[in-house]
Amino acid sequence: AQSVTQLDSQVPVFEEAPVELRCNYSSSVSVYLFWYVQYPNQGLQLLLKYLSGSTLVKGINGFEAEFNKSQTSFHLRKPSVHISDTAEYFCAVIPTGGFKTIFGAGTRLFVKA
Amino acid sequence: SQTIHQWPATLVQPVGSPLSLECTVEGTSNPNLYWYRQAAGRGLQLLFYSVGIGQISSEVPQNLSASRPQDRQFILSSKKLLLSDSGFYLCAWSGASTDTQYFGPGTRLTVL
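Okay, so let's go over this structure. None of the values given here were measured: they were computed from a predicted structure.

Analysis parameters
- Residues numbered from 1 in each chain as written.
- Chains lettered and ligands numbered in written order.
- Predicted model: local features only at pLDDT ≥ 70, side-chain atom pairs only at ≥ 80, totals over all residues.
- Heavy atoms only, no water.
- Helix = DSSP H or I, 4+ residues; strand = E, 2+ residues; numbered from the N terminus.
- Rg over C-alpha atoms; globule rule 2.2 N^0.38 Å.
- Buried < 20%, exposed > 50% of the residue type's maximum accessible area, 1.4 Å probe, protein only.
- Contact = heavy atoms within 4.5 Å.
- Phe/Tyr/Trp six-rings, centres within 6.5 Å; stacked < 30°, edge-to-face > 60°.
- Disulfide = S-S within 2.5 Å.
- Buried area = accessible area lost by both parts, 1.4 Å probe.
- Salt bridge = Lys/Arg side-chain N within 4 Å of Asp/Glu carboxyl O.

**Notes on the overall build of chain B**
Secondary structure summary: chain B contains 0 helices and 11 strands in total. In chain B, the order of α-helices and β-strands from amino to carboxyl end is β-β-β-β-β-β-β-β-β-β-β. For chain B, whose C-alpha radius of gyration is 13 Å, the value lies close to the compact-globule estimate of 13 Å for 112 residues. With respect to the principal axes defined by its C-alpha atoms, chain B has extents near 40 × 25 × 20 Å. The buried share of chain B, taken over its 112 residues, is 49%. For chain B, restricting intrachain contacts to residue pairs at least 6 apart in sequence, the fraction spanning at least 24 positions comes to 54%.

Shown next, in the form of structure tokens:
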């Protein structure tokens, strides 16, 4: 079975500051890793994903994440956040070839002016 | 390109009333389809998924049911709503590669 732990439920940060949202996972099989973003009262959108290859993955809106197999982590980073980045961010995994995505509980990013 | 629709966008229903939420996908064939519920301040709970017409897998036993009458149509139903059914319901689809999920805009259900 797989599980995903997002270590921070809320992250307040000032505009133009860097941010890191932490995600750790547990799995006995190989997995694909994802970050999704959810703006208020909307569905989730894919931010970025790691399937294979380079462990540094770049996504939309200037976000990037690094897969660390030894630490089973997939932390999300952005060097300078904007007010518009205020949203909830979900880390997720799916076993390779599987049907069911396992989501973390979410991290609410709040960007202050 | 592919699009996913959900309706209604919002719904207020009394306890004990029936429910029908609809999800349709355009621009793809034989998608995998999913229903999730997101309760206030909580993560996503997978309710049902379907890999083909008439094939429904239930993840959480409760008073909800799902049906897939057509390839790109997924319906979430209940005969009698409970207060605990309130939440934000999201439909999603994935393709043959099954990795990435694409979400609809959601339905906000309030049971009073």
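Let's pick the thread back up.
**Examining the packing of aromatic side chains**
Within this structure, the stated rule accounts for 13 aromatic pairs over all chains. Judged by centre distance (5.4 Å) and plane angle (45 degrees), the ring pair of Phe63 of chain A and Tyr89 of chain A falls under tilted. With a gap of 26 residues between them, Phe63 of chain A in the loop between strand 7 (56-58) and strand 8 (64-68) and Tyr89 of chain A in strand 10 (residues 87-95) connect regions that are remote in the sequence. With a relative accessible area of 2%, Phe63 of chain A lands in the buried category. Taking relative accessible area as the criterion, Tyr89 of chain A reaches 0% and is therefore assigned buried. A centroid spacing of 5.5 Å and a plane angle of 90 degrees characterise the contact between Phe103 of chain A and Tyr36 of chain B, whose relative ring orientation is edge-to-face. Of this pair, Phe103 of chain A sits in strand 11 (residues 102-103) while Tyr36 of chain B sits in strand 4 (residues 32-38), each in a different chain. Among the residues examined, Phe103 of chain A registers a relative accessible area of 11% and is labelled buried. Residue classification places Tyr36 of chain B among the buried positions, given a relative accessible area of 1%. Clustering of aromatic rings is evident, with ring pairs tying together Phe34, Tyr36 and Phe103 of chain A together with Tyr34, Tyr36, Tyr49 and Phe103 of chain B.

**A closer look at unusual backbone geometry**
The linkage connecting Trp7 of chain B with the following residue, Pro8 of chain B, adopts the cis geometry, with an omega of 0 degrees. Of note, Pro8 of chain B is situated in the loop between strand 1 (3-7) and strand 2 (10-13). Here the phi dihedral of Glu16 of chain A falls at roughly 75 degrees; this positive angle occurs in a residue that is not glycine. Following the sequence through the fold, Glu16 of chain A ends up in the loop between strand 2 (10-14) and strand 3 (19-21). Phi at Asn41 of chain A takes a positive value of approximately 60 degrees, unusual for a residue other than glycine. By secondary structure assignment, the location of Asn41 of chain A is in the loop between strand 5 (31-38) and strand 6 (44-50). Residue class for Asn41 of chain A comes out exposed when judged on its relative accessible area of 58%.

**Some details on the state of the cysteines**
Each disulfide consists of a covalent bond between the sulfur atoms of two cysteine residues. By the definition in use, this model includes 2 disulfides over all chains. One disulfide in the model links Cys23 of chain A with Cys91 of chain A; its S-S distance is 1.9 Å. In this structure the cystine formed by Cys23 of chain A and Cys91 of chain A twists about its S-S bond by roughly -70 degrees; its chirality is therefore left-handed. Note that Cys23 of chain A is positioned in strand 4 (residues 23-26) and Cys91 of chain A in strand 10, a separation of 68 residues in sequence. The buried category is assigned to Cys91 of chain A, whose relative accessible area is 0%. Across the disulfide, Cys23 of chain B is cross-linked to Cys91 of chain B (sulfur-sulfur distance 2.0 Å). For the disulfide bridge between Cys23 of chain B and Cys91 of chain B, the dihedral angle about the S-S bond is near -75 degrees, and by the sign convention the bridge is left-handed. Linking Cys23 of chain B in strand 3 (residues 19-26) with Cys91 of chain B in strand 9 (residues 87-94), this pair joins segments that are 68 residues apart in sequence.

**A closer look at the environment of Phe67 of chain A**
All names here are of chain A. Tracing the backbone through its elements, the reader meets Phe67 in strand 8. Taking the C-alpha atoms as reference points, Phe67 and Leu33, separated by 34 residues in sequence, lie 8.2 Å from one another. If we skip the residues at most four places from it in the chain, Phe67 touches Tyr25, Leu33, Tyr50, Thr55, Ser73 and Phe74.

**Some words on the interface of chain A and chain B**
In this assembly, 20 residues from chain A lie in contact with 21 residues from chain B. Summing the contributions of chain A and of chain B, the shared interface buries around 1600 Å²; its carbon and sulfur component is 56%. Counting across the chain A and chain B interface gives 1 salt bridge. Across the pair Lys100 of chain A and Glu59 of chain B runs a salt bridge whose closest N-O atoms are separated by 3.2 Å.

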